[in-house]
Amino acid sequence: MKRLSVILLVAASITGLLGVSSPRAADDQADDVGTFMRAKLEHSKNVLEGLATENFDLIAKDSQQLTLLSLDTDWQVLQTPEYTQLSLAFRKTSQTLTDAAKKKNLDGATLAYVEMTLKCVECHKYVRSVEMTRL
Ligand code: HEC
């Protein structure tokens, strides 16, 4: 048993030395970005739940998380002026959403949620168009 683990360990280091493991590392990185990006979806679902149940704390908390995510380095997938602009526009709507929730303004928060959702879609459209031209 012990011997087998040693062999496996050696085999693992050799593949590592050969650089065979680097595609795996790239995969891991992509997974991390995926996890990060999916967190946006979780937060926006929570905001929707907050709107539907008039839970202003929930709306404020999760919209704030969205604002914070947009400032994270993991968010900066593309370094283009358009992407920066789209991120800024997104952040404005998530901040408006938080402000409306803090003022217990349900209609204002709902409107800001719709505007924010448009920003999600707008940026994804842009990202896809960039990926298309890269192919
Ligand atoms: C400023 C740009 C931008 C905005 C705004 C934005 N996203 Fe994204 N999103 C991205 C990028 C970049 C990716 C990664 C695309 C890729 O992997 O090719 C992504 C990926 C995703 C993914 C896919 C994750 C996976 O499984 O790979 C989800 C889900 C997602 N975003 C949700 C949202 C939601 C919900 C919002 C709005 C609340 C939002 N995004 C706003 C840029 C943005």
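Note that the structure is predicted; figures quoted are calculated from it, not measured.

What counts as what
Residues numbered from 1 in each chain as written. Predicted model: local features only at pLDDT ≥ 70, side-chain atom pairs only at ≥ 80, totals over all residues. Heavy atoms only, no water. Donors = N, O, S within 2.8 Å, 3.2 Å for Na, K, Ca; no water. Tetrahedral: all angles 85-135°; square planar, octahedral: opposite > 155°, others 65-115°. Helix = DSSP H or I, 4+ residues; strand = E, 2+ residues; numbered from the N terminus. Buried < 20%, exposed > 50% of the residue type's maximum accessible area, 1.4 Å probe, protein only. pLDDT = per-residue confidence, 0-100. Contact = heavy atoms within 4.5 Å. Salt bridge = Lys/Arg side-chain N within 4 Å of Asp/Glu carboxyl O. Expected span 1.5 Å × (residues − 1). Polar contact = N/O pair within 3.5 Å; in protein donor to acceptor, adjacent residues only side chain to side chain.

### Side note on the coordination of the iron atom of the ligand
Line of reasoning, step 1. Each protein donor to the iron atom of the ligand is listed here as Lys40 (NZ) and His124 (NE2); together their distances run 1.8 to 2.0 Å.
Line of reasoning, step 2. Here the iron atom of the ligand is ringed by six donor atoms whose angles at the metal span 84 to 180 degrees, and the overall shape comes out octahedral. With a gap of 84 residues between them, Lys40 in helix H2 (residues 22–53) and His124 in helix H5 (residues 106–134) connect regions that are remote in the sequence.
Line of reasoning, step 3. For Lys40, a relative accessible area of 16% puts it in the buried group.

### With respect to unusual backbone geometry
Line of reasoning, step 1. One non-glycine residue, Glu54, lies in the positive phi region at around 55 degrees.
Line of reasoning, step 2. Tracing the backbone through its elements, the reader meets Glu54 in the loop between H2 and helix H3 (56–71).
Line of reasoning, step 3. Positive phi, normally seen in glycine, also occurs at Lys104, with a value near 55 degrees.
Line of reasoning, step 4. Here Lys104 is to be found in the loop between helix H4 (81–102) and H5.

### Some details on the confidence of the model for the protein
Line of reasoning, step 1. Mean pLDDT over the protein: 85, with 78% of residues reaching 70 or higher.
Line of reasoning, step 2. Here residues 6–25 is modelled with pLDDT under 50, and outside its nearest four sequence neighbours on either side it reaches three contacts, counting other chains as well.

### Focus on the pattern of salt bridges
Line of reasoning, step 1. Applying the stated rule across the entire model yields three salt bridges.
Line of reasoning, step 2. For Lys119, the salt bridge identified is with Glu122, shortest N-O distance 3.5 Å. With Lys119 and Glu122 both in helix H5 and three residues apart, the pair spans about one turn of that helix.

### Points about H3
Line of reasoning, step 1. For H3, which comprises 16 residues, the first-to-last C-alpha distance of 23 Å matches the rise-based estimate of 22 Å (1.5 Å per residue) to within 8%.
Line of reasoning, step 2. Every buried residue of H3 is accounted for by Phe56, Leu58, Ile59, Ala60, Asp62, Ser63, Leu66, Thr67, Leu69 and Ser70.
Line of reasoning, step 3. The N-cap of H3, judged by a side-chain oxygen 3.3 Å from the amide nitrogen of Asp57 a few residues on, is Asn55.

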